[in-house]
Amino acid sequence: MTNSPFPLEPTAAEAQAAIAEEFSFFGDWSERYQYLIDLGRKLPTFPEEWKTEEHRLLGCQSMVWIVPEGDADKLVFHAISDSAIVSGLIYLALRVYSGRSAAEILATDPDYVSAIGLAKHLSPTRSNGLAAMLAFIRDTAQASQ
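Just so we're clear, the structure is a prediction, and the values are computed from it rather than from any experiment. (Residues numbered from 1 in each chain as written. Predicted model: local features only at pLDDT ≥ 70, side-chain atom pairs only at ≥ 80, totals over all residues. Heavy atoms only, no water.)

### With respect to the overall build of the protein chain
Turning to step 1, where the next piece is worked out: When you go through the protein chain residue by residue, the secondary structure sums to seven helices and two strands.
Turning to step 2, where the next piece is worked out: Listing every helix and strand of the protein chain by position from the N terminus yields α-α-β-β-α-α-α-α-α.
Turning to step 3, where the next piece is worked out: Since a compact globule built from 145 residues should have a radius of gyration of about 15 Å, the 14 Å found for the protein chain is in line with a globular shape.
Turning to step 4, where the next piece is worked out: Considering only C-alpha atoms, the protein chain reaches an extent of 40 × 30 × 25 Å along its principal axes.
Turning to step 5, where the next piece is worked out: In the protein chain, of all internal contacts separated by at least 6 residues, the share reaching a separation of at least 24 is 66%.
Turning to step 6, where the next piece is worked out: In the structure as shown, the protein chain presents an accessible area of about 7,100 Å², 52% of it carried by carbon and sulfur atoms.
Turning to step 7, where the next piece is worked out: Here the protein chain holds 11 positive side-chain charges and 19 negative ones, and the gap between their average locations is 5 Å. (Helix = DSSP H or I, 4+ residues; strand = E, 2+ residues; numbered from the N terminus. Rg over C-alpha atoms; globule rule 2.2 N^0.38 Å. Contact = heavy atoms within 4.5 Å. Areas by Shrake-Rupley, 256 points an atom, 1.4 Å probe, with all protein chains shown as cover. Lys, Arg positive; Asp, Glu negative; His and termini not counted. Charge placed at Lys NZ, Arg CZ, Asp CG, Glu CD.)

See the structure below:
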């Protein structure tokens, strides 16, 4: 598998706090959307051969592929989307959850979603896709225990 830059922070809680702090610098949602797009561009390269139906995340309007690896001690997620904003949402989720133990993943609710106002500013289809991705991460952690 490819190298992952995650985790950036020592704990999922610290990652969520850092995300909330970064988003607090932006005054309006057009700036926050631009930041999401910029974050999505930082995702590591996702191999073309992984873009299969087997790795496709259902529940998203955009095309999203996600590949987990590891075990209960450390789960790493690789993911990408054909949508710039969705790629930014993926980046945030991986920043919080990728490279963590299954126990930490399961103990960490995605509080950053409401903390930065995402819940109120995403379209219903993007909200559904984000929920599907977070559920996949949680389900993978649960299954690895």
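### Some words on the confidence of the model for the protein chain
Turning to step 1, where the next piece is worked out: In this model, the protein chain carries a mean pLDDT of 93, and residues with pLDDT of at least 70 account for 99%.
Turning to step 2, where the next piece is worked out: Within the protein chain, helix α6 (residues 118-121) has the poorest average pLDDT of any element, 86, and helix α4 (residues 102-107) the best, 98. (pLDDT = per-residue confidence, 0-100.)

### Considerations on the packing of helix α3 (residues 84-97) against helix α7 (residues 124-144)
Turning to step 1, where the next piece is worked out: Interaxial distance between α3 and α7 falls to 11 Å at its minimum, and their mutual angle equals 30 degrees. As summarised for this structure, α3 and α7 are arranged roughly parallel, according to the angle between their axes. Seen from above, α3 lies across α7 with right-handed handedness. Each of I85, V86, L89, I90, A93 and Y97 in α3 lies in contact with α7, whose residues at this interface are R126, L130, M133, L134 and I137.
Turning to step 2, where the next piece is worked out: The residue inventory of the contact of α3 with α7, partitioned by class, reads 10 nonpolar, no polar and one charged. (Axes fitted to C-alpha atoms, helices over the stretch in contact; angles between N-to-C directions. Parallel < 35°, antiparallel > 145°, perpendicular 65-115°, else oblique. Left-handed = near helix turned anticlockwise from the far one by under 90°. Nonpolar A, V, L, I, M, F, W, Y, C, P; charged D, E, K, R; others polar.)

### Some words on the environment of S87
Turning to step 1, where the next piece is worked out: Along the chain, S87 turns up in helix α3.
Turning to step 2, where the next piece is worked out: The buried category is assigned to S87, whose relative accessible area is 5%.
Turning to step 3, where the next piece is worked out: For the pair S87 and L36, spaced 51 residues apart in sequence, the C-alpha to C-alpha distance is 7.8 Å.
Turning to step 4, where the next piece is worked out: The contact partners of S87, leaving out residues within four places of it in the chain, are G40, L43, I80 and S81. (Buried < 20%, exposed > 50% of the residue type's maximum accessible area, 1.4 Å probe, protein only.)

### Observations concerning helix α1 (residues 12-24)
Side chains that are three or four residues apart share a direction in an α-helix, a result of its 3.6 residues per turn.
Turning to step 1, where the next piece is worked out: Relative to the 18 Å expected for 13 residues at 1.5 Å per residue, α1 spans 18 Å between its end C-alpha atoms, a close match to the ideal helical length.
Turning to step 2, where the next piece is worked out: Burial in α1 covers these residues: A12, A15, Q16, A18, I19 and F23. Burial along α1 is one-sided: seen end-on, the buried residues are contained in an arc of 160 degrees. Residues of α1 that are exposed and point more than 90 degrees away from the buried face comprise A13 and E21.
Turning to step 3, where the next piece is worked out: Here the buried face of α1 lies against α2 (29-40), α3, α4 and α5 (112-115). (Expected span 1.5 Å × (residues − 1). Arc of directions from axis to C-beta.)

### Details of the packing of aromatic side chains
Turning to step 1, where the next piece is worked out: With the rule as written, the count across this model stands at seven aromatic pairs.
Turning to step 2, where the next piece is worked out: An angle of 75 degrees between the planes, with centres 6.5 Å apart, marks the rings of F77 and F136 as edge-to-face. Taken together, the residues span a long stretch of sequence, with F77 in strand β2 (residues 74-81) and F136 in helix α7 at a distance of 59 residues. (Phe/Tyr/Trp six-rings, centres within 6.5 Å; stacked < 30°, edge-to-face > 60°.)

### Some thoughts on the pattern of salt bridges
Note that side chains of opposite charge can pair when their charged atoms are close.
Turning to step 1, where the next piece is worked out: Taken as a whole and judged by the stated rule, the model has five salt bridges.
Turning to step 2, where the next piece is worked out: Between R95 and E9 there is a salt bridge, and its shortest N-O distance comes to 2.7 Å. Pair noted here: R95 is in helix α3 and E9 is in the segment before α1, with a separation of 86 residues, a long-range link.
Turning to step 3, where the next piece is worked out: Taking relative accessible area as the criterion, E9 reaches 14% and is therefore assigned buried.
Turning to step 4, where the next piece is worked out: E53 is the salt-bridge partner of R56, the closest N and O atoms lying 3.7 Å from each other.
Turning to step 5, where the next piece is worked out: Assessed through its relative accessible area of 58%, E53 is described here as exposed.
Turning to step 6, where the next piece is worked out: Salt bridges here are not isolated pairs; linked through shared partners, they connect E9, E22 and R95. (Salt bridge = Lys/Arg side-chain N within 4 Å of Asp/Glu carboxyl O.)

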